[in-house]
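A look at the structure
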Amino acid sequence: MPAKSAAPNGNAPILEVRDLKTYFFTEDGVVKAVDGVDFYVKHGEVLGLVGESGCGKSVTSLSILRLIDRPGEIVGGEVFFEGENLLDRPLDSMVDIRGDRISMIFQQPKSSLNPVFKVGSQIVEVFQIHDEKMDKAVAWEKAVALLKRVGIPDPESKAHAYPHQLSGGQAQRVMIAMAMALQPELLIADEPTTALDVTIQAQILDLIRELNHETNTAVILITHDLGVIAEMADRVAVMYAGQIVEEVSVEGLFKNGLHPYTQGLIKSIPVLGSVQEQLNTIPGSVPNLIDLPAGCRFASRCPARVEHGLSICEEHMPNLLEVAPGHEVRCWLYEDAAGHTAPLKPGKGKKKK
Amino acid sequence: MMTAKPLIEVQDLVKYYPVQGGIIPHTVAEVQAVDGVSFTVYEGETLGLVGESGCGKTTVGRTMLRLETPTGGEVRFEGANIFDLKGPALKALRREMQIVFQDPFASLDPRLPIGESIGEGLAIHGMGNGRERYERVIEALSRVGLERYHATRYPHEFSGGQRQRIGIARALVMNPRFIVLDEPVSALDVSIQAEVLNILKDLQRNMGLTYLFVAHNLAVVEHISDRVAVMYLGKIVEVTTRAALFRKPLHPYTQALLSAIPMPDPTLKRDRVILKGDVPSPLNPPKGCRFHPRCPIAEERCSVEEPALRELESGHQVACHFAERFL
Amino acid sequence: APAAETPTEEAPASSEASSEAPASSEAMPAFEGKVLDAGSCENTGIIKSVEAVDQYTVTFTLCQADPAFLSKIAFSPFGIYPEEWLEATLGEGTRSSEGLERPIGTGPYMVDEWRRGESVNFVAYEGYWGEQPEAPALILRWQSEAAARLLELQAGTVDGIDNVGPTDFEVVAADSSLQLVERPALNIFYIGMTNTFAPYDDVRVRQAIAMGIDRQRIVDSFYPAGSEVASHFTPCSIPNGCAGESWYDLDVQAANDLLDAAGFPRNEDGIRFSTTVYYRDVFRGYLPEPGLVAVEIANQLRDNLGIDAAVVVMESGEFIAESTAGRLDGLYLLGWGADYPHVTNFLDYHFTSGNPQFGTPHAEIYGPLEEASRIADTATAAPLYEAANNAIKALIPMIPVAHGASADAALATVSGAYVPPFGATQFYYLDPGKDTLVFVQNAEPISLYCGDESDGESLRPCQQAVETLLEYGQDSGDTSGELATACTSNADLTVWTCTLRDGVTFHDGSAFDANDVVASWAAGIDAANPNHVGNTGTFTYFAYLWDGFINAPAE
Amino acid sequence: MTQYILRRLLLSIPVLFGILIATFAIARLIPGDPCTAALGERATQAACDAYNLRMGLDEPIYVQLGIYMRDVLTGNLGDSIRFSRPVFTIIIEKLPVTLELGLAALTLAILVGVPAGILSAVRRNSKVDVATMVAANIGVSMPVYWLGLMLAYLFAVLLRDTPFWLPPSGRLTAGLSSIPFYRAWGLPISDGTFGFPIFEFLSNLYILNSIITLNFKVLFDTIKHLILPAVALSTIPMSIIARITRSSMLEVLGQDYIRTARAKGLRERLVVLRHGLRNALLPIITIVGLQVGTLFAGAVLTESIFSLSGVGRSLFDAITGRDYPVIQGFTVVIAVGYVIVNLAADISYAFADPRIKLD
Amino acid sequence: MTATDTLAAPPQAVKSNSLLQLTLRRLFKQRNARAGAVILGFLILVAIFAPAIAPYDPTLSLLDIEPVTIRQAPCIHLLGCPEDQAQHLMGLDGNARDQFSRVVYGTRISLFIGFSTIGLAIVAGTLLGAIAGYAGGWVDNVIMRTMDVLLAFPSFLLAIAIITILGRGLQNALYAIAIVNTPHFARLVRASVLSIKEQEFVAATRALGASAPWILFRRILPNALPPLIVQGTLGIAGAILEAAALSFLGLGAQEPAAEWGTMLGRERGQVFTAPYLVFYPGFAIMFTVLAFNLLGDGLRDAMDPRLSQVSKAK
Ligand SMILES: Nc1ncnc2c1ncn2[C@@H]1O[C@H](COP(=O)(O)OP(=O)(O)OP(=O)(O)O)[C@@H](O)[C@H]1O
Ligand SMILES: Nc1ncnc2c1ncn2[C@@H]1O[C@H](COP(=O)(O)OP(=O)(O)OP(=O)(O)O)[C@@H](O)[C@H]1O
Ligand SMILES: [Mg+2]
Ligand SMILES: [Mg+2]
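Residues numbered from 1 in each chain as written. Chains lettered and ligands numbered in written order. Predicted model: local features only at pLDDT ≥ 70, side-chain atom pairs only at ≥ 80, totals over all residues. Heavy atoms only, no water.

Describing the site of ligand 2
Residue and element names in this part refer to chain B. The line we're drawing: We call a residue near a molecule or strand whenever a single non-hydrogen atom of that residue lies within 4 Å of it. Identification of polar contacts relies on pairs of N or O atoms within 3.5 Å, with a donor-acceptor requirement for protein atoms, meaning one able to donate a hydrogen and the other able to accept it, and with residues adjacent in sequence counted only if both atoms are side-chain atoms. All accessibility values rest on the Shrake-Rupley procedure with a 1.4 Å probe; residue burial counts only the protein chains present in the view.
As a matter of local geometry, ligand 2 sits amid 13 residues, with S53, G54, K57, T58 and T59 nearest to it. G54 places a polar main-chain atom, nitrogen or oxygen, 2.7 Å from an oxygen atom of ligand 2. Within the backbone of C55, a nitrogen or oxygen atom sits 3.2 Å from an oxygen atom of ligand 2. Here ligand 2 has 630 Å² of accessible area as a free molecule, and 65% of this is covered by the chains.

The structure is reproduced here in structure tokens:
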């Protein structure tokens, strides 16, 4: 495992998201895709964001760059980037942040590149957007250099290729080249390898790690693959139905995951080399984001709730509380009715009846 | 289990897809999707088939069920070559062999209540009257953990995991002996994936089914398979028991594959073999050993001579000139 | 025609043309008169021969007396072209666009250019033998929609328009900046029937319809002012046209009695029988609103007589072919416009023994007609026409309905505007008060070689450039001299001698003489003549007015 | 790419052959006698026989077809029955009228339709969007000829004596004429000159002709006459283009690469115009090609209403007049032109979209 | 507190929603579609109750019945037309028939034209397209090249040509329009068949041993239906327009039928003198065509897979 980099600027986070709420106002109702998300990323750190499909990971990342389109809208919260609340900026001036200071790579590399432009010129565009005076030829050379750097064979000629002429792995490398063109302070990688084969995934993850090391870029790595998290992340935030339910260091997550959902998730993955006869499952399904329950969103599926016979779960929403240094959980098992951390260990819950 | 008799023998299976081109469209090239694949599936076992995207896994499965016309080779079901069957005989065979697809959404007709989807096979084969068919559908549903009232609902009303269970029920209702599971859990979230895998295992145990389990996720394959075959670019490069494969992989590709899998354990330290380059196109596969351009141990010979699938240890076959090094 | 003696001085425009003409301007050679001769009357219609007796005298010899001869030869298809020009541009193998688009005649205007799709442009011919036109330039355009034509006139962009729509008569009359130029109603609209089809084989049915149709209502509602209900088939302004009894009055009761008697009782819906009203959707002076009238007649048949009639519109050509061959099994709406001012033009064409149009011809009708057609004197012929008209009324081969008025319109500033009853307006009489006279007609001409054209839209421009031996009066069918100063006949009307005008030159500068007359007639009427090519080769009016070609190919 | 184009060309050959057979069949299947149509209502049987002999109408049908094919392939479209003129010449005269009208309408349709569609897509569900789409829906539902009549009524009658008055018919005000450029320049070109049809064809495009001869009076007059028919004719294609642009733009704006462009920091206007429009234009090219057919249908009616003597009107007249050679010639030219336009659209699509197989 | 004791209680057996119901619901959420449906409903009512709505027999000439002249201007009492005159909302036509009654009756013909032509075209197109798509090979080639040739002619020209062959009249115009529209449906069905043929649920049916006709008629065609319905609705709009245009030229419906295009064509010369005779029939055509266009657009959106994904994600 590569060594985790230490935050150079002390503990001041480069990005801090507070109580972010992004809703989609659809014909069927309001989809509360992100409903009060809090987390932070420190300089040079890799934060993993995990959760099941549809829990709001992508929407969260898009909200940071304010790329949410109608019918979606960021309805509340704050996104502090280097101390500035991005949500207070005029939307027009977000273009100064995007691509320059915060950049992003997406899950589907091939569809994320414009099919009618050469990949070289799509990289050149990044330079020219943020430095209008830059000479086209200079920009092109820089683009070729970047392609070389991300390991594209024969970069001079591949710069002239159109996206459809690249393989998925190559396209993702082009995306990464584009994202790192201006050496951003923060890189958001939204499931960057889901569409790729295992062997190619390893190459791409390697590349992101390299970027993180060499330029000290902070990374938010979004994935639903706990294996990727284990290999890449320093800290992890677990999302469930539009909320962060647990935030902890990566070791802490696997050794001492506290939230019942986290635990269920970890137990349900088949692990290479350890043969289990039955896999653990999480019964039921994710609640409808339009019609959310009043209490804990995991309550209906929570085995701990049944075990402990907690009724508060279905009535009130627990808070995200720090239960140990650098370890936050959103669960009634660890909170008392007054909103303080309760000294509870999972499996030994007090009966609330 | 290993003493069981072979249920299906695949021999030198070849499937090329013609590529049309030219001013007057004609076949200008062939995609060598499957190029001489042989393996045996024993009664009651699960054979895992892994490999990267596009290496021909699906094609193997579909060709075995005659959903594609083979270019060459044989597939014997209990000794009879199914490629020779026609008409009623073929129809009868269809009851024995079933398939569950990767995409749980695309594999169900969106305008049919799922009960009808499941019962369709019974109707096609004229099995039983309406009532009996209905009962069997309900039974199949309950086998996969769904309720009676689900029968009248439509696919879009189900979650991915449920849909995949419906797909399984559709295969089950025919009482088949062999099911090709073509990446049945790849599209699902981990928690749902676990649920489906559990069902598959239970069913196999209870009904004595034989599976060909196609997947690209090695951990999943390891979890469910008795034996595993690894494919690379239309060829099988290694076949062996689950234990042997994960303990002592003999093919450099298998090794790389295993090491490339991110393990959900941050404390684990591994020496990773990161392969260079991309998977080459099956349109124009490399000469000699198809893996040699990316192989860390490739030598001159590999680019000229194609390695045969050799049995190095009992029940452990490898297609590599230098596999002995890893023994 | 020998080239002009003084080719260039007066007519510079013709210098080019005259240089092409054979150079024979030395002393006048002895005149060699050409002859067109059918040999016998077996091989021709009425015309037996046309002969250039001397340089300025032409003789027409006929196979039978023709009292209408003078009226006929004034008709524009019989215009005179230079002999050499005909050979050079309209002969077999020599026909060119020049021949069909830029006719060379002797008229006051010559065709400058035919801009296809847009206009035919004329300029005054400076060498014209008569007076120069009032407007030095004439532009003829076309527009098929009556409303749009009127709009152009109202906008003042044109000086005159053809065929004012029936509903627009009042509009024009009421507009002080416009003038309505009415054309006498020398036509007949009739409802045709074929007596070989049931139930029209029963004269009682025909009579019932004749009495059951309210013709007055049709004329009042669908015809412009000046139109009248027909009392006879032929308009009264034609001598002998109105001889005999007038047509039936409206009598619905009597009509129904007749139908009852004929064995067509009403069924429970009040319907006696079903039939069809055929028509073509083509505007004609005799039927300005064909669609409306067809529906009106169907309505009247149903309401007055209990006859259920479907209205069927047919393609024009097909309609004419079917109706004139007597193959339509219902009623059909057709009419006739006078070609020349003689009663034969109406009656003989429709009711001769050989015409199947109304089914089996009636001897009671064609008998007197054949006899009358050889009589030149109007009064002598009168009793015969009276007999024929009375027979028509009694036997009802068709029902005459209306004589439709039609009118042109012009700007009030145009002086001398007129519409002649026969032939087309000669625009050189009109003074628009400016250099160019613009006139809009219904449609584009088909070609400008009018020996082979029959539609008014082609004949009108032809008539500006090409002259005939005689011309019609401005307000009557009387003829007067044009290229001929006079034509006289022998006593039995079979030999006509025309004295030609001296000193007339064609637009190309060549001089006009008797041989040009013979050549022009030969091209039209002699099927064996090498110049008998024309546009389509039909030469409709030569064949029809003269009862067939000389040397017509055997059928 | 060349291979793609060649293949597309090759694929159109059977269609072109089909067109030839079809046009031949259509002309022969039309009931009625060409003779009476050609020679008039009073033609005699003898004249008709002679006529049929002359026109080859007495040959067996397959011989006629063979002759017809040979003639068309050698560029001989025959002579009009009614006008005794080469069909080719007639096309040279009529086609420019329709072309000018069609191009004007198409230009108008694109110039209005595309921006309207973009605006509508970018401001989805706004008032602008709703208004544009209501207008577009009304536009496709409007009968061309009716709109033409209404426009004529409005501009020629109601607005008479105002500066907005527009002429309801024709190509030029009477008295004005567009002098062909070769004559205006005194070029020695006449009927027999090599390439004359081309000169004549070009000079019949009045706008072009009056521009190159600097005759602005005629130019403005031509444009004035063109406005109403072009507007009437353009409504349906305009509405269709606006709708396609909108939906295509909406689809494109929802694509992943648009998000990428935004994430790069590109300004919204450029995102829409550079990344969005470029991709959204692709289906529009195809639609524009197909609109040529709509334009033609409209031209038949528009030319009738505004009395323009173009291909549409002439063809309609030829059909009612049973002028076989004209029907055949025009139909072949129109169908072939239509095929070529759509071929061109396909090929330009291939140029515009790098994803189409480059050989 | 029973719920706390079980996990993920099974959802109650609520009434199931078929895709059709879903589509309909989505359809009626759209302004466009709602407007279209309302107009269409109105028109259907007008068509059904035409005899009750129309004050006069649409073929009755009022000459001699009322003191009228042909093409008399509208007389509307509300707008000040004297009460002692009979009311004619849209004036009288060239045959002195009440135009309002004719416009009302015209609804019947136009709706009939729309539905019957497109119905025919869909049946023929589906047959041809399904055969071509499913059989492939030379059958496909022959059918589709023929369709290509038909498509190579601008459709209106083709329709005119067909009518010229068959003869004028409403019935022949209907055939012509049906023929002209058939290739579009054939293409659409073929494309659907080709793509649906490759869908996994078809492979699943094949794996069950289904025969070719079974697959074609039970799996493929029902799924090819949605685009067909959309195209059909829009096609009806086009067909009504085309039929009216043909009638306008005198090639379609014939007198005395109260067909809007015929009415318009007959009186087009009156646009400057009696504009009401041109305005109302034209407006009626536009209104009707608009209804189908709106509905078709709405249907397309309602069946759009992209939109259905949003609801799937929930
Ligand atoms: N445009 C939209 N309109 C309506 N709902 C939306 C829209 N975009 C996203 N959502 C909803 O927001 C929720 C969160 O979506 P998001 O894409 O963030 O999920 P995710 O966690 O990234 O899932 P995945 O792993 O599948 O990418 C989902 O339930 C989705 O249905
Ligand atoms: N119908 C077809 N026509 C042409 N080529 C095909 C066809 N089906 C599959 N192929 C090609 O054959 C090769 C093997 O495809 P196959 O679907 O069997 O791969 P796979 O191993 O199942 O991949 P994945 O993991 O992506 O499902 C691929 O290169 C594919 O592009
Ligand atoms: Mg996501
Ligand atoms: Mg596969």
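Quick notes on the pairing of strand β4 (residues 109-115) of chain C
All names here are of chain C. Keep this limit in mind: For the exposure calls, accessible area comes from a 1.4 Å probe over protein chains only, and a residue counts as buried if that area is under 20% of its type's maximum, exposed if over 50%, partly exposed in between. Secondary structure elements follow DSSP: runs of H or I of four or more residues count as helices, runs of E of two or more count as strands, with numbering from the N terminus. Strands are treated as partners if at least two bridges between them are detected by DSSP.
The buried count for β4 comes to six of seven residues, which makes it a mostly enclosed element. Relative to strand β5 (residues 119-124), β4 is paired through six bridges, and the arrangement is antiparallel. Paired with V111 across the two strands is F122, which belongs to β5.

Focus: the nonpolar core
The nonpolar side chains of a soluble globular protein tend to be buried, and buried together. Threshold: What we call a nonpolar core is a set of buried Ala, Val, Leu, Ile, Met, Phe, Trp, Tyr and Cys residues that are connected through their side-chain atoms within 4.5 Å. Contacts were defined at the residue level, with two residues in contact if any of their heavy atoms lie within 4.5 Å.
Formed by 229 residues in total, the largest nonpolar core has its most connected members in I118 and F213 of chain B, Y145 of chain D together with F156, I160, L246 and L249 of chain E. With residues near it in sequence (within four places) discarded, I160 of chain E still touches V300, F316 and I319 of chain D together with L246, L249 and L251 of chain E. Among the nonpolar cores identified, the runner-up in size contains 180 residues, and V120, A210, F222 and A409 of chain C belong to it.

A word on helix α5 (residues 146-155) of chain C
Within α5 of chain C, seven of the ten residues are buried, which leaves it mostly tucked inside the rest of the structure. Directly beyond the C-terminal end of α5 of chain C, a positive phi value near 80° is found at G156 of chain C.

Describing the sheet that holds strand β4 (residues 72-77) of chain B
Residue and element names in this part refer to chain B. Spatial ordering of the open sheet is given by β2-β1-β4-β5, a layout of four strands whose pairing is antiparallel. If you trace the sheet from one side to the other, it starts and ends with β2 (26-42) and β5 (80-81), each paired once. Pairing analysis gives two bridges linking β4 to β5, with the strands arranged antiparallel. Residue R76 lies in a different strand from β5, and its bridge partner there is N81.

A short note on the confidence of the model for chain B
Parts of the model with low pLDDT should not have their predicted coordinates read in detail. Definition in use: A residue's pLDDT is the confidence the predictor assigns to it, expressed on a 0 to 100 scale.
In this model, chain B carries a mean pLDDT of 89, and residues with pLDDT of at least 70 account for 99%. Here the prediction assigns the complex a pTM of 0.85, and the interface score ipTM is 0.83.

Observations concerning the sheet that holds strand β11 (residues 310-313) of chain B
Residues and elements named next belong to chain B. Note the following rule: To get an axis, fit a line to the C-alpha atoms, keeping to the stretch in contact for a helix; angles then go from 0 to 180 degrees between the N-to-C directions.
Pairing within the open sheet is mixed, and its eight strands lie in the order β6-β7-β8-β3-β9-β10-β12-β11. Both outer strands of the open sheet, β6 (97-100) and β11, are each paired with one neighbouring strand and no more. Ignoring which end each strand starts from, the neighbouring axes of this sheet average 20° apart. Where β11 and strand β12 (residues 316-318) come together, three bridges link them in antiparallel fashion. Bridge pairing in β12 places E313 opposite H316. Together, β6 and β7 (178-182) form the strand contacts of helix α2 (residues 87-96), whose direction differs from that of β6 by roughly 55°. The strands touched by helix α6 (residues 190-207) within the sheet are β3 (46-50), β7 and β8 (210-215), with β8 carrying the most contacts at an inclination of about 160°.

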